[in-house]
Amino acid sequence: MILRPWVVLLAAGGSRRFGGPKLLARVQRETLLRRAARAAVGCRPAGCVVVLGAHAHRLQRELRDLPVAVVVNRRWRYGLSGSLRAGIAALPQGARAALVFLADQTAIGPAELALLIAAWRRAPRAIVAARAGEVRGPPAILPRAMFGALRRLRGDTGAKKLLADPARYVIEVEIPGAGHDVDRPVDLAQFAGFRVLS
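Let us look at the structure shown here. For every chain, the first residue of the written sequence is number 1, and numbering continues from 1 onward in sequence order. The predicted origin of the model limits local features to residues at a pLDDT of at least 70 and limits the giving and counting of side-chain atom pairs to 80 or more, whereas totals for whole chains, interfaces and linings rest on all residues. By convention in this description, side-chain values take in all heavy atoms of the structure and omit both hydrogens and water.

### Notes on the overall build of the protein
Now for step 1: Each helix is a run of DSSP H or I of at least 4 residues and each strand a run of E of at least 2, with the numbering of both proceeding from the N terminus. Of regular secondary structure, the protein possesses seven helices and nine strands.
Now for step 2: The rule is simple: take the accessible area with a 1.4 Å probe, protein chains only, and divide by the maximum for that residue type; under 20% is buried, over 50% is exposed, in between is partly exposed. Counting all 198 residues of the protein, 55% fall into the buried class.
Now for step 3: Across the protein, the fraction of contacts at a sequence separation of at least 24, relative to all contacts at a separation of at least 6, is 72%.
Now for step 4: A total of about 9,900 Å² of accessible surface is found on the protein, and carbon and sulfur atoms cover 50% of it. Contact criterion: two residues are considered in contact whenever any of their non-hydrogen atoms come within 4.5 Å of each other. Accessible areas in this description were obtained via Shrake-Rupley with a 1.4 Å probe; residue shielding takes into account the shown protein chains only.

Now the structure itself:
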C-alpha cells in the first residue's frame, strides 16, 4: 500500500494587509485559491480538506469542480490555529498524516508537495517541513501522532512552534518557493521571480 497523507489547505484568513479577499486575486488567470487547491489535488494525496473562513461563500465557488472537502471555520478571526484544528478535526480516523499547506503560497505546486511526501514515506513517523533559506515552515507533513498537539494549539501561530521544538524529529526539504507567500498586492508581482517545479 502506498502511503498518502491528507492535505489540509488553510484558506480562512481575512487578508487585512492585502485590502480585500486575496485568495480571489489572480495569477496567470487563476485565483490563488484555485491554484493552491489544484496543487494540493495534483500531488495525489489520500484526500484534501480546504478550510475556509472569511469570504467563505465567494471562495467556495472556486472549488466547485475539484475533489476537495470544504470546512468553514466560523471563528477564523481568532487565529490560524483555529483553522488548523478545524482541518485536523475533519480528517477521517484512518488519516496517517496531514500535509498542511497555506493557500497563499503561490510558488508551491504539486511537484514541491510531492518532494515532501517522498521524504515522509521514507520516515512516516517524522515531521517533514519545507526549508527556504533559514526559515522552516509550511508546507509541512505532520504524522498522526502529532494530531493531539495540533488540537491544543491556540492563537495565530499555526504549527511553527511544533516545528521549532528541538525535542521533535523534523526532516527538512529545501524548497525555496516555500518562503514566498502573498500578504500584499506587491507580493503577486514578486511571484514572477519563482519557478514552480510543476
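The discussion continues.
### A short note on the sheet that holds strand S7 (residues 127-132)
Now for step 1: In space, the seven strands of this open sheet follow the order S5-S4-S1-S6-S8-S7-S9, with mixed pairing throughout. In this open sheet, the two edge strands, each paired with only one partner strand, are strand S5 (69-72) and strand S9 (170-174). Along the sheet, successive strands turn relative to each other by an average axial angle of 25°, direction set aside.
Now for step 2: Strand pairing is defined by DSSP finding a minimum of two bridges between the two strands. In this sheet, strand S6 (residues 97-102) lies alongside strand S1 (residues 6-11) in parallel orientation, the contact comprising five bridges. With axes taken as lines fitted to C-alpha atoms, and helix axes fitted only over the stretch in contact, angles between N-to-C directions fall between 0 and 180 degrees.

### Considering the pattern of salt bridges
Now for step 1: A carboxyl oxygen of Asp or Glu within 4 Å of a side-chain nitrogen of Lys or Arg is what we treat as a salt bridge. With the rule as written, the count across this model stands at five salt bridges.
Now for step 2: We note a salt bridge from Glu30 to Arg38, for which the minimum N-O separation is 2.6 Å.
Now for step 3: A residue is classified by how much of its surface remains accessible, and Glu30, at 13% relative accessible area, is buried.
Now for step 4: By relative accessible area, which is 42% here, Arg38 ends up partly exposed.
Now for step 5: Across the salt bridge formed by Glu172 and Arg131, the nearest N and O atoms sit 2.6 Å from each other.

### Focus: the side chain of Thr31
Now for step 1: Its place among the elements puts Thr31 in strand S3 (residues 30-31).
Now for step 2: Note on Thr31: relative accessible area 1%, which makes it buried.
Now for step 3: In protein, a polar contact means a hydrogen-donor-capable atom and an acceptor-capable atom, both N or O and within 3.5 Å, with residues adjacent in sequence counting only if both atoms are side-chain atoms; elsewhere, any N or O pair within 3.5 Å suffices. At a separation of 2.9 Å, a polar atom in the side chain of Thr31 contacts the side chain of Glu62.
Now for step 4: Non-local contacts of Thr31, meaning those with residues more than four positions away in its chain, are made with Leu23, Leu24, Ala25, Arg26 and Glu62.

### Section: the environment of Pro67
Now for step 1: With respect to the secondary-structure elements, Pro67 resides in the loop between helix H2 (56-60) and S5.
Now for step 2: Taking the C-alpha atoms as reference points, Pro67 and Val49, 18 residues apart in sequence, are found 9.4 Å from one another.

### Details of the nonpolar core
Now for step 1: Ranked by internal contacts, the top residues of the largest apolar core, which has 42 residues, are Leu9, Leu33, Val50 and Phe101.
Now for step 2: Residue contacts for Phe101: discarding those within four places in its chain leaves Val7, Val8, Leu9, Leu10, Ala36, Ala39, Ala40, Ile108, Leu113 and Pro139.
Now for step 3: Counting residues in hydrophobic clusters, the runner-up holds 29 residues, among them Ala54, Leu91, Ala140 and Phe147. As used in this record, nonpolar core signifies buried Ala, Val, Leu, Ile, Met, Phe, Trp, Tyr and Cys residues forming a set joined through side-chain atoms within 4.5 Å.

### Overview of unusual backbone geometry
Now for step 1: Residue Pro139 follows Pro138 across a cis peptide bond; omega there is -5°.
Now for step 2: Residue position: Pro139 is located in strand S8 (residues 135-143).
Now for step 3: At Arg44, a residue that is not glycine, the phi angle is positive and equals roughly 60°.
Now for step 4: Inspection of the secondary structure assignment puts Arg44 in the loop between helix H1 (32-42) and strand S4 (47-52).
Now for step 5: Taking relative accessible area as the criterion, Arg44 reaches 56% and is therefore assigned exposed.
Now for step 6: If you check the backbone angles, His55 has positive phi at about 60° while not being a glycine.
Now for step 7: Checked against the element boundaries, His55 lands in the loop between S4 and H2.
Now for step 8: Note on His55: relative accessible area 33%, which makes it partly exposed.

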